[in-house]
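Chain residues, written in single-letter form:
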Amino acid sequence: MDAALISGRRVVVDAERPPLDHAAVLVADGAVVTVGPTAELTAAHPEVVHHAFPGCTVLPGLIDAHVHLAFEVDRDPVPALRDADHDVLRATVADHAAAMLAAGITSVRDLGDRDGLVAAFRDEVASGSVRGPRVLTAGAPLTPPGGHCWFLGGEVERDGIRAAVAARAAAGLDVVKVMASGGMMTPTGPGIADTQFDLPTLQLVVAAAREVGLPVAAHAHGTTSIAMAARAGVDTVEHAGWYGADGGRNRDDAVAEELAASGAVTVPTRFRGWPDWPAEELEAALDRQRWADAHGIPVIVGNDAGAGRGRFDDLHDALTYYVEVGWTPAQVLAATTCRSADALGLGDVTGRLVPGLAADLLVVDGDPLADVRALARPRLVCARGRWA
Ligand SMILES: [Zn+2]
């Protein structure tokens, strides 16, 4: 792409640093070249096309750390994925990715699909033949025979773990997903608070992944599975619902401390429609997040888009939820840009508007550092220097 200057009332270079006012971003060849005062950059680069967005904020493109591009929101994925035609699923993946990009989401981590569909799409995006967000993909999650999401094709016994992980590396996948607990989507499998693999098996998954240089994402709803995931040394804990064996919630301080000390980052995923939840349920959920925050457990933003919980066309419910928890807009922004990039191994690729990183940026009306709802008003989305 030719060089371009994109200016706004404000530029968020790094969500954890003060923004620059009346600033511009110079991009060329898909990367950020420099960021500085608009007057200076326009004077220094008179030949470059200037896209001015007065009253707007320019910020790094958003990252959704937990999606399922092949799933249809509000449809039972078991028959949908088991029976769907390959070409139909491929079109579904592309449609969902396009919706995410239009909403300003320039990177996604897909944590479960079938037949390497998302990996194929990722490669098309990377080659430039298709527009879409940058994709990291786990392929089929590891699960015991008949376990949670078995229908995605990742069933494995303990003695097959090493080969299954090696096969994922050989297939060029980006992350190993392991189902440490049951879930809601597989009525015939273990329940949400139940564990699926024992600790030595989870440790084997992590060891095998380390050998091939892949991170591990553990699906863990229940407190026991969260504890096992932390002990096994996984990189991210998905959902982290703190369910107890009795079906209620089990906020275990010792487990929270262990999780925080493990360095794992959590990706809670339940936000959809939160303003309409029963007041008691909402207050309990918010309080649980505040409790986890007080223990210093890191969080990045993901909404489980496709799995009935999250939509593809915005991260709105997730972002406003964290504000309701008590985070500042800057903290919310960091958890869906720079901190997320760092946690997903993309810190030297995206998440900040600094020289050399990808020109993944978003222009929104207003100031998301004052009100995150501004993120729902994208004016321009640019992924690796290409306008969406
Ligand atoms: Zn999921």
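Position labels on residues start from 1 in each chain and follow its written sequence. Totals for whole chains, interfaces and linings use all residues, but because this is a predicted model, local features are given only for residues with pLDDT of at least 70 and pairs of side-chain atoms are given and counted only at 80 or more. With hydrogens and water stripped out, all remaining heavy atoms of the structure feed into the side-chain values.

- The name that an unreviewed UniProt entry assigns to the protein chain is Imidazolonepropionase-like amidohydrolase, with the source organism given as Actinomycetospora corticicola.

## A few points about the sheet that holds strand E9 (residues 216-222)
So, step 1. Strand order in the open sheet made by the four strands is E8-E9-E10-E11, with parallel pairing throughout. Edge positions in the open sheet fall to strand E8 (176-179) and strand E11 (265-267), since each of these has one partner strand only. When the angles between neighbouring strand axes are averaged without regard to direction, this sheet yields 30 degrees.
So, step 2. Pairing between two strands is assigned when DSSP locates at least 2 bridges connecting them. Here a strand is any run of E in DSSP of at least two residues, a helix any run of H or I of at least four, and the numbering for each starts at the N terminus. Looking at chain direction, E8 and E9 are connected through four bridges and run parallel. By the bridge assignment for E9, Lys177 is matched with Ala217.
So, step 3. Against the sheet, helix H7 (residues 223-232) contacts E9 and strand E10 (236-243), and its axis sits at roughly 155 degrees relative to E9. Lines fitted to C-alpha atoms define the axes, with helix axes restricted to the stretch in contact, and inter-axis angles between N-to-C directions lie between 0 and 180 degrees. Any pair of residues with heavy atoms lying within 4.5 Å of one another is described as a contacting pair.

## Describing the side chain of Asp14
So, step 1. With respect to the helices and strands, Asp14 occurs in the loop between strand E1 (4-11) and strand E2 (20-28).
So, step 2. Relative accessibility thresholds used throughout: buried, under 20% of the residue-type maximum; exposed, over 50%; partly exposed, between the two (1.4 Å probe, protein chains only). The exposure class of Asp14 is buried, given its relative accessible area of 7%.
So, step 3. In protein, a polar contact means a hydrogen-donor-capable atom and an acceptor-capable atom, both N or O and within 3.5 Å, with residues adjacent in sequence counting only if both atoms are side-chain atoms; elsewhere, any N or O pair within 3.5 Å suffices. Of note is the side chain of Asp14, whose polar atom sits 2.8 Å from the backbone nitrogen of Glu16.
So, step 4. For Asp14, the contacting residues outside a window of four places in its chain are Cys338 and Arg352.

## Re the coordination of the zinc ion
Put simply, the ideal angle at a metal is 109.5 degrees for four donors in tetrahedral geometry and 90 or 180 degrees for six donors in octahedral geometry.
So, step 1. Donor criterion used throughout: N, O or S atom within 2.8 Å of the metal, extended to 3.2 Å for Na, K and Ca. Water excluded; incomplete-looking sites may result. All of the protein donors around the zinc ion are His66 (NE2), His68 (NE2) and Asp304 (OD); their distances to the metal are 2.1 to 2.3 Å.
So, step 2. Mapping the donors of the zinc ion onto the primary sequence gives the spacing H-x1-H-x235-D.
So, step 3. Look at His66 and you get buried, because its relative accessible area is 0%.

## So, the side chain of Arg109
So, step 1. Residue placement: Arg109 occurs in strand E6 (residues 105-110).
So, step 2. Taking relative accessible area as the criterion, Arg109 reaches 3% and is therefore assigned buried.
So, step 3. Apart from residues lying up to four places away in sequence, Arg109 is in contact with Asp64, Ala65, His66, Val67, Leu136, Val175, Ala217, Thr236, Glu238, Val267 and Leu344.

## Examining the nonpolar core
Across soluble globular proteins, you tend to see nonpolar side chains buried next to one another.
So, step 1. Here the nonpolar core consists of buried residues drawn from Ala, Val, Leu, Ile, Met, Phe, Trp, Tyr and Cys, with membership extended through side-chain atoms lying within 4.5 Å. Formed by 59 residues in total, the largest nonpolar core has its most connected members in Leu59, Leu69, Met100, Tyr321, Tyr322 and Leu375.
So, step 2. Two domains each donate at least three residues to this core, and these are domain 1 (4-60 + 352-387) and domain 2 (62-343).
So, step 3. Ignoring any residue separated from it by four or fewer positions in sequence, one finds Leu375 in contact with Leu59, Ala103, Leu319, Leu333, Leu362, Val364 and Pro368.
So, step 4. By size, the runner-up hydrophobic cluster in this structure holds 36 residues, among which are Leu204, Ala209, Ala227 and Ala264. Bear in mind that the domain bounds are from an automatic or database domain assignment.

## Things to note about the layout of surface pockets
So, step 1. Roughly 280 Å³ of volume is contained in the largest pocket.
So, step 2. Buriedness for pockets is judged along seven lines, at least five of which must meet protein on both sides within 12 Å for an open set on the 1 Å grid over protein atoms alone, while cavities are sets there where a 1.4 Å probe fits but cannot get out, and lining residues have an atom within 4 Å of a point. Ile297, Pro298, Val299, Trp327 and Arg339 are the residues nearest the centre of the largest pocket, which is lined by 14 residues in total.
So, step 3. Of all the elements in the fold, those that place two or more residues in the lining of the largest pocket are helix H11 (329-335) and helix H12 (338-343).
So, step 4. Under the scheme applied, nonpolar residues are Ala, Val, Leu, Ile, Met, Phe, Trp, Tyr, Cys and Pro; charged residues are Asp, Glu, Lys and Arg; polar residues are all the others, including Gly. In the lining of the largest pocket, the residues fall into nine nonpolar, two polar and three charged.
So, step 5. Grid points are joined across faces, edges and corners, and a volume is the space filled by probe spheres set on the points. Counted as a void, the second largest pocket has a volume near 200 Å³.
So, step 6. Along the walls of the second largest pocket sit 17 residues, with His148, Met184, Met185, Asp304 and Ala307 positioned nearest its centre.

## Some remarks on the environment of Ala341
So, step 1. Inspection of the secondary structure assignment puts Ala341 in helix H12.
So, step 2. Placed 115 residues apart in sequence, Ala341 and Ile226 show a C-alpha to C-alpha distance of 22 Å.

## Considering the pairing of strand E3 (residues 31-37)
So, step 1. The pairing of E2 with E3 spans six bridges and is antiparallel. By the bridge assignment, Leu26 is partnered in E3 with Thr34.

## Quick look at the environment of Val156
So, step 1. Inspection of the secondary structure puts Val156 in the loop between strand E7 (134-137) and helix H5 (161-170).
So, step 2. Placed 46 residues apart in sequence, Val156 and Leu202 show a C-alpha to C-alpha distance of 12 Å.
So, step 3. For Val156, the contacting residues outside a window of four places in its chain are Leu142, Thr143, Pro144, Pro145, Ile161, Ala164 and Phe197.

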